[in-house]
Amino acid sequence: MTVQFFEADKDYGTPKRQSDKMVSLWIDDFQVSVPEGTSVMRAAAEIGIQIPKLCASDNLESFGSCRLCAVEIEGRRGKPASCTTPAEEGMRVTTQNDALAKLRRNIMELYISDHPLDCLTCPANGNCELQDMAGAVGLREVRYGFDGENHLEGEKDESNPYFTFDPTKCIACSRCVRACGEVQGTFALTMGHRGFESKITAGADDSFMESDCVSCGACVQACPTSTLMEKSVIDQGQPEHAVVTTCAYCGVGCSFKAEMKGNQLIRMVPYKGGEANMGHSCVKGRFAFGYATHSDRVTKPMIRDSIDQPWQEVSWDEAFTYAANKMRSIQQRYGRESIGGITSSRCTNEETYLVQKLIRAGFGNNNTDTCARVCHSPTGFGLKVTLGESAGTQTFESVLHSDAILVIGANPTDAHPVFGSMLKRRVREGASLIVADPRSTSLVSSAHIKASQHLQLLPGTNVAVINALAHVVITEGLEDRDFIASRVDDGSYQQWREHISDPKHAPEAVAEITGVAAETLRDAARTFAKAPNGSIYYGLGVTEHSQGSTMVMGIANLALATGNIGRLGVGVNPLRGQNNVQGSCDMGSFPHELPGYQHVSDDKVRAKFEAVWNVSLDNEPGLRIPNMFNAALDGDFKGMYVQGEDIAQSDPNTAHVEAALKSLECLVVQDIFLNETAKFAHVFLPGSSFLEKDGTFTNAERRINRVRKVMKPLAGMADWEVTQAFSNALGYPMNYQHPSEIMDEIAQLTPSFAGVNYQRLEEQGSIQWPCNDQQPEGTPIMHMDSFPIGKAQFAITEYVPTEERSNRRYPLLLTTGRILSQYNVGAQTRRTENQQWHPEDQLELHPIDAEDRGIQTGDSVSIASRMGTTVLKALVSDRMQPGVVYTTFHHPGSGANVVTTENSDWATNCPEYKVTAVQVNKVTGESDWQSQFKQFDKRQRDFLASATGEKA
């Protein structure tokens, strides 16, 4: 394989060590100084001496099983393994002589004597460490035949859709076992039996699909032979070049090498130089890339006058002209504010920037919003009020320095798996873990980890819980008085202190409200406050509530009160859902803020943009997404441009959303598939996947990462080019030649991006904003010395019960979330083999609630709320608490949002997905909505087929 070599790919054999003490030693007459604790193997690699190895890898602790890395050390007997031998002051090491060469050849000869000699037909040929090491040690013949016992008759395990396990190729190096435990933290693999009978097993000798394996790919990546091998490589051969890019799934922002053969993507391999993932991955980023070339891709522009008509394929120019004329006609008849648009959190920063620019400058209004409205808009509001900046404070790696970790309303092992693995590693090392979640997720208890406290609260009572924790901190004198005195506004602190000290916030007072025992709350507060470094990580279980913004401020209050801001191992860290939801907010997607969170009412700010954009801008905030829907139903809002979001599936109260979309005179959808929203569209502009474009994504830690094009856009244009052409058709000129020019404009207008450009990104690899003259290389940790608002502000966080409550008619509370194998609305992952793990959404309910209703796992059950009814299959599970049920929302036909309400956060209108009062009953058929959905879906697919000439 001639895959391009990247410096970060170099394997030093054992992990890097951190120490203030350096030791100096001689290796083959070369002197080298390394931190104390560094292995001899790594010390040698630091000066370019590669000692042969098979069981060693620098992302795993040394193991010393293969003995291929033996060296001689002056004054010591024998030939110790260099991977397990720490460097010492004055040590003199010999890595190569005749005796070592003979020993290594003998060791390799034993390996090869029990290994198939099928290199020419082996899928790893040309990229096999065993093959490389045989060459490195000079093995030329094998004296032992295959007549005795061997392992050449093992049966392949091909159960996993993405990789095979061939035990005949296994050399029992244990790298896959150690990767599963040390890197991923699942511990699904073990080395079974002893001696000659040793073999790798998944679970209790299960198949990979039957075991606890989460298909992260760490074992495949660690394997030095073709024992564990991607099926794509087996089928298509070894790749021949690679491009480093950024994953387009969750907000972790993993870096990958897209390994190619010509213009065909063979596999995605996690890039060791990626600072967000450090060479690790999950099943989605590693394997679920097939959607990008799926047959469902729509690659021709289409138009129609009505959603009751078939589509008509047209040229790009015809589509742009048609859409522009429709939009201008609507504005002439209904006014300038009658149209708007929604930016995408899946597209690049540059593309999102262009969409909001088109709306403000081309449409002439501020009717722009993004999916953060329905997920993390309370984060922007709450953190801006308290800390002065609308983003998380740390790097992901910071968690490795935490002593107490509080996870609230998040399930990172499913939704942010790579970060989840880091977190679990820190807990295995001894950090305390507090989990606040209505469900017993895998973080509460799983292999080798157990939460110190599980705050199994009732949905909707987050604020009562966070106030109780803060109450204990203040009334028991656990606050960080020095930090508060130096870093926090005293007036706000004194008001908050009086508020939070009120006995109504005591754990005993809120235990019945929250469902969490008072002593458990007190223990959790003490665990967090007494730890040297306490960090907080939260997700949509915090923000998607009627008090989402209040809860975010409550989290910031707790961090400030305990002094856990501004250094490694602490901080307030929102776990962003989609790959670029942070970036979509940064780029000015909200109706009240221009890029960089600069308010549209600020005359100086607006003048700066007007000068560059050469247009007058509206000084009044525009419509939020819920306002657009309401205005559409009122007849005041008639045109919408939606780039890369599926609001028909993802937004609450589906019937309301569908009615709003049907009322539009022109809906322009730009996407790669005919998604649920596009079925209501009049213009379809084909989008491009992350593999087909250049640009940047910004992850949950504010890390700006390059996205690099690895293949041509299937439809001929990248998304930024489509938006630019649409803007030109509208009469507002854009003329960018490359996304780097768009980033230059962003940097010119956005203070936090002032120092960001493509050249700097190429040099540094990634940058965490703010990046400016004061922080030219970016800001990994925020608020180290000061806050953007001077001193931080405590906020009053009164608990106000949600209006959505259970009663006799709707006695259960429904909450929603995600699952590992699927992503968001499932448009991408449902078009991959990930379907094998989660082919449908299910309703999870406690055995008591199931028994009361005569329900068993697999039964069809109706879920009825005040908004509507849908039907799912039941999953009886003790992960739930009585009175609470749970489902995911990855499949459009499930209709999860048919039942969710329009209740929303008081400050941002973020929907209250996490609390819906429902009744659940056993049924035999589907709901009325599902019947209608199937009919509408079939009709729209038939319309598409008539345009493309393919079968529906």
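Right above here is the structure, for reference.
Structural notes, computed from the coordinates. (Residues numbered from 1 in each chain as written. Predicted model: local features only at pLDDT ≥ 70, side-chain atom pairs only at ≥ 80, totals over all residues. Heavy atoms only, no water.)

**Overview of the pattern of salt bridges**
Here is step 1 of the chain: Throughout the structure, instances matching the rule amount to 53 salt bridges.
Here is step 2 of the chain: For E61, the salt bridge goes to R17, with nearest N and O atoms at 2.7 Å. Of the two residues, E61 sits in the loop between α1 (40-46) and β3 (72-73) while R17 sits in the segment before β1 (22-27), which places them 44 residues apart along the sequence.
Here is step 3 of the chain: We classify E61 as partly exposed; its relative accessible area is 35%.
Here is step 4 of the chain: We note a salt bridge from E351 to K693, for which the minimum N-O separation is 3.0 Å. A residue pair is termed long-range when its members are at least 10 positions apart, and E351 in helix α9 (residues 349-363) and K693 in the loop between β27 (683-686) and β28 (695-698) qualify at 342 residues. (Salt bridge = Lys/Arg side-chain N within 4 Å of Asp/Glu carboxyl O. Helix = DSSP H or I, 4+ residues; strand = E, 2+ residues; numbered from the N terminus. Buried < 20%, exposed > 50% of the residue type's maximum accessible area, 1.4 Å probe, protein only.)

**Some thoughts on the sheet that holds strand β20 (residues 453-455)**
Here is step 1 of the chain: What the five strands build is an open sheet, ordered β20-β17-β16-β21-β22; its pairing is parallel. A strand with exactly one partner marks an edge of an open sheet, and here the two such strands are β20 and β22 (571-574). Here the strands of the sheet are splayed against their neighbours by 15° on average, with no regard to which way each runs.
Here is step 2 of the chain: One ladder, built from five bridges, connects strand β16 (residues 404-408) with strand β21 (residues 534-538); its direction is parallel. Directly across from A404, in β21, lies its bridge partner G534.
Here is step 3 of the chain: Strands β16, β17 (432-436), β20 and β21 of the sheet are contacted by helix α17 (residues 518-530), whose axis makes an angle of about 125° with β20. (Pairing = 2+ DSSP bridges. Axes fitted to C-alpha atoms, helices over the stretch in contact; angles between N-to-C directions. Contact = heavy atoms within 4.5 Å.)

**Thoughts on the sheet that holds strand β12 (residues 302-303)**
Here is step 1 of the chain: Spatially, seven strands are ordered β13-β12-β27-β26-β25-β14-β15 in an open sheet, and the strand pairing comes out mixed. Only two strands of the sheet have a single partner each, and these edge strands are β13 (312-313) and β15 (368-369).
Here is step 2 of the chain: Bridging between strand β26 (residues 666-671) and β27 involves four bridges; their strand directions are parallel. Residue pairing for β27: V669 is matched across the bridge by F684.
Here is step 3 of the chain: Strands β12, β14 (339-342), β25 (639-643), β26 and β27 of the sheet are contacted by helix α8 (residues 316-334), whose axis makes an angle of about 135° with β27.

**A closer look at empty space enclosed by the protein**
Here is step 1 of the chain: Tallying each qualifying case throughout the model produces ten cavities of 30 Å³ or more.
Here is step 2 of the chain: What the largest cavity holds in volume is close to 660 Å³.
Here is step 3 of the chain: Residue lining of the largest cavity: 44 residues in total, with L540, E544, T816, G817 and K914 positioned closest to the centre.
Here is step 4 of the chain: Grouping the constituent residues of the lining of the largest cavity by class yields 19 nonpolar, 17 polar and eight charged. (1 Å grid on protein atoms, 1.4 Å probe; cavity = no way out; pocket = protein on both sides within 12 Å on 5 of 7 lines; lining within 4 Å. Points joined across faces, edges and corners; volume = space filled by probe spheres on them. Nonpolar A, V, L, I, M, F, W, Y, C, P; charged D, E, K, R; others polar.)

**A few points about the pairing of strand β33 (residues 860-864)**
Here is step 1 of the chain: Across the five residues of β33, five count as buried, placing the element largely inside the fold.
Here is step 2 of the chain: Residues S860, S862 and A864 line one face of β33 and the alternating positions V861 and I863 line the opposite face, and both faces are buried.
Here is step 3 of the chain: The antiparallel hairpin formed by β33 and strand β34 (residues 869-876) contains four residues in its connecting segment.
Here is step 4 of the chain: Bridge count between β33 and strand β36 (residues 916-922): four bridges; the pairing is antiparallel.

**Description of unusual backbone geometry**
Here is step 1 of the chain: Cis geometry marks the peptide bond from W769 to P770, where omega comes out at 0°.
Here is step 2 of the chain: Positionally, P770 belongs in the loop between β30 (766-768) and β31 (812-817).
Here is step 3 of the chain: In the Ramachandran plot, F187 falls in the positive-phi region, its phi being about 60° despite a non-glycine side chain.
Here is step 4 of the chain: Among the residues examined, F187 registers a relative accessible area of 29% and is labelled partly exposed.
Here is step 5 of the chain: We note that S215 has phi near 55°; this positive angle belongs to a residue other than glycine.

**Things to note about the packing of aromatic side chains**
Here is step 1 of the chain: In this structure the tally under the stated criterion is 21 aromatic pairs.
Here is step 2 of the chain: Centroid distance Y162 to W837: 6.1 Å. Interplanar angle 25°. Geometry classified as stacked. Note that Y162 is positioned in the loop between α3 (129-136) and β5 (163-165) and W837 in the loop between β31 and β32 (842-845), a separation of 675 residues in sequence.
Here is step 3 of the chain: Pairing Y249 with Y291 gives two aromatic rings, centres 6.0 Å apart and planes at 65°, and the pair type is edge-to-face. Taken together, the residues span a long stretch of sequence, with Y249 in the loop between β9 (241-246) and β10 (255-261) and Y291 in the loop between α7 (283-287) and β12 at a distance of 42 residues. Y291 matches Y249 in its accessibility class, with the two residues each being buried.
Here is step 4 of the chain: Sitting over the ring of W769, R702 keeps its end group 6.0 Å from the ring centre.
Here is step 5 of the chain: Residue placement shows R831 over the ring face of F673; its charged tip is 3.9 Å from the ring centre. (Phe/Tyr/Trp six-rings, centres within 6.5 Å; stacked < 30°, edge-to-face > 60°. Lys NZ or Arg CZ within 6 Å of the ring centre and 35° of its normal.)

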